[in-house]
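Report on the structure
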Amino acid sequence: MLEELALLEQEIEKYHPTTTQELEDFRLKFISKKGIIADLFNKLAQLSSDEKRTLGNRLNIIKQRAQEKYKAEVIQLQTTTKKSIATTEDYTLPSPTDTLGTIHPISFLKTKIVEIFNKIGFNMVDGPEIEDDWHNFGALNFPANHPARDMLDTFFISQNPDILLRTHTSSVQIRIAESQKPPIRSISIGRVYRNETISARSHCMFHQVDGFYVNKNVSFAELKQVLSYFMSSLFGQNVKVRLRPSYFPFTEPSAEIDIDCRMCAGQGCNICKYTGWLEIMGAGMIDPNVLENCHIDPTVYTGYAFGMGLERVAMLLYQINDLRLFTENDIRFLKQFKAYT
Ligand code: PHE
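Residues numbered from 1 in each chain as written. Predicted model: local features only at pLDDT ≥ 70, side-chain atom pairs only at ≥ 80, totals over all residues. Heavy atoms only, no water.

Looking now at the overall build of the chain. Helix and strand counts for the chain stand at eleven helices and ten strands. For 341 residues, the compact-globule estimate of 2.2 N^0.38 gives 20 Å, and the C-alpha radius of gyration of the chain, at 35 Å, exceeds that figure by more than 25%. C-alpha extents for the chain along the principal axes are approximately 110 × 55 × 45 Å. Restricting the contact set of the chain to residue pairs at least 6 apart, pairs at least 24 apart contribute 67%. Measuring between centres, the 38 positive side-chain charges of the chain sit 5 Å from its 41 negative side-chain charges. (Helix = DSSP H or I, 4+ residues; strand = E, 2+ residues; numbered from the N terminus. Rg over C-alpha atoms; globule rule 2.2 N^0.38 Å. Contact = heavy atoms within 4.5 Å. Lys, Arg positive; Asp, Glu negative; His and termini not counted. Charge placed at Lys NZ, Arg CZ, Asp CG, Glu CD.)

Here is the structure:
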């Protein structure tokens, strides 16, 4: 044991930690409760009382020495790091540039869409994400218990009265129409929620933009014109737009809007399911019942409405193949959008 102690003493003297990690290694190896010295103290118990006394004394001295050395090395390390900072810092250098954040593709698209519609006189309006049944369904001509409500898998927060997470941004248009007099020309953009399984192609939370125009003598031809202006501003002049008859409870007649597939230039691929067309938007003339629900006289005023999911468009514009990427906050994904800032 004597020899062991002599070696230990030497080892402690030789140790010169130069980093905080090495200093911590020193503490763990020699001083900590699980270190060599504590271990040797435990071993003393098995020795005779004479040996215990002499070796114990020696071990105590070594322990003290290790602690003193540790304290001294802590001070030493602090002063050398301070000194090295002081000597290496060059205050004449330009300050390091802050890493710039990037704009989320959905935020970017939102701004772009607002800009496009601002140019033709649409105001951006906002509304609550937690809605009542009337603004999300009732006023939009979804009668209670009507099967059309099954089109949208709703997250209910409470029942009687029914409070829910809005399933579309059309609810905001109702709030605006209730509180303003025509002419109304508004777009609402924001998050919507539907009880759907999360996968590469669907999500329980996504973004929509809704447009709404009410005035005297508004025609379907105007709707068509506004939509082709919007599509060509977003996708480029050469985009082809097609309208197909469809059904929404709040518009009559209703249409679904397709554009020629951006991935294959209309040739047919797995994204457009070999049709050459991509469904992108719902639209139509506002149902007279909806206008009445908002205290607007449908014999005097007509209007059109349209709605579109933002994620789908962002996926097409930036060739993104998984919807989940938008909400996962993976910095490797987000960083790629620097060019759009
Ligand atoms: N609100 C519809 C939806 O969520 C979209 C839409 C808006 C359709 C306005 C027609 C008119 O699918």
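For the rest of this paragraph, the subject is the domain arrangement of the chain. What the domain assignment lists for the chain is domain 1 (2–88) and domain 2 (105–340). Here the C-alpha centre of domain 2 lies 70 Å away from the C-alpha centre of domain 1. (Domains from an automatic or database assignment.)

Okay, the packing of helix 1 (residues 2–14) against helix 3 (residues 36–44) next. Look at helix 1 against helix 3: their axes get within 12 Å of each other, and the N-to-C directions meet at 165°. Judged by the inter-axis angle, helix 1 sits roughly antiparallel to helix 3. Our pair here, helix 1 against helix 3, has a crossing hand that is left-handed. When helix 1 is examined against helix 3, the residues Glu4, Leu5, Leu8 and Ile12 are found in contact with a partner set consisting of Ile36, Ile37, Leu40 and Lys43. Here the contact of helix 1 with helix 3 is built from residues that sort into six nonpolar, no polar and two charged. (Axes fitted to C-alpha atoms, helices over the stretch in contact; angles between N-to-C directions. Parallel < 35°, antiparallel > 145°, perpendicular 65-115°, else oblique. Left-handed = near helix turned anticlockwise from the far one by under 90°. Nonpolar A, V, L, I, M, F, W, Y, C, P; charged D, E, K, R; others polar.)

The final tally for this structure, using the stated rule, is 16 aromatic pairs. With centroids separated by 5.3 Å and ring planes inclined at 70°, the aromatic side chains of phenylalanine 117 and phenylalanine 122 adopt a geometry described as edge-to-face. For phenylalanine 117, a relative accessible area of 0% puts it in the buried group. You can call phenylalanine 122 buried: its relative accessible area is 1%. Seen from their ring centres, phenylalanine 137 and phenylalanine 142 are 5.1 Å apart, and the 75° between their planes marks the pair as edge-to-face. The residues phenylalanine 137 and phenylalanine 142 share a single accessibility class, namely buried. Within the aromatic cluster, the residues linked to one another by ring pairs are Phe117, Phe122, Tyr213, Phe230, Tyr304 and Phe306. (Phe/Tyr/Trp six-rings, centres within 6.5 Å; stacked < 30°, edge-to-face > 60°. Buried < 20%, exposed > 50% of the residue type's maximum accessible area, 1.4 Å probe, protein only.)

Let us now look at helix 5 (residues 105–118). For helix 5, with 14 residues, the first-to-last C-alpha span of 20 Å sits near the 20 Å given by 1.5 Å per residue. Among the residues making up helix 5, those that are buried are Pro105, Ile106, Leu109, Ile113, Val114, Ile116 and Phe117. Buried residues along helix 5 cover an arc of 165° about the axis, so they all sit on one side. (Expected span 1.5 Å × (residues − 1). Arc of directions from axis to C-beta.)

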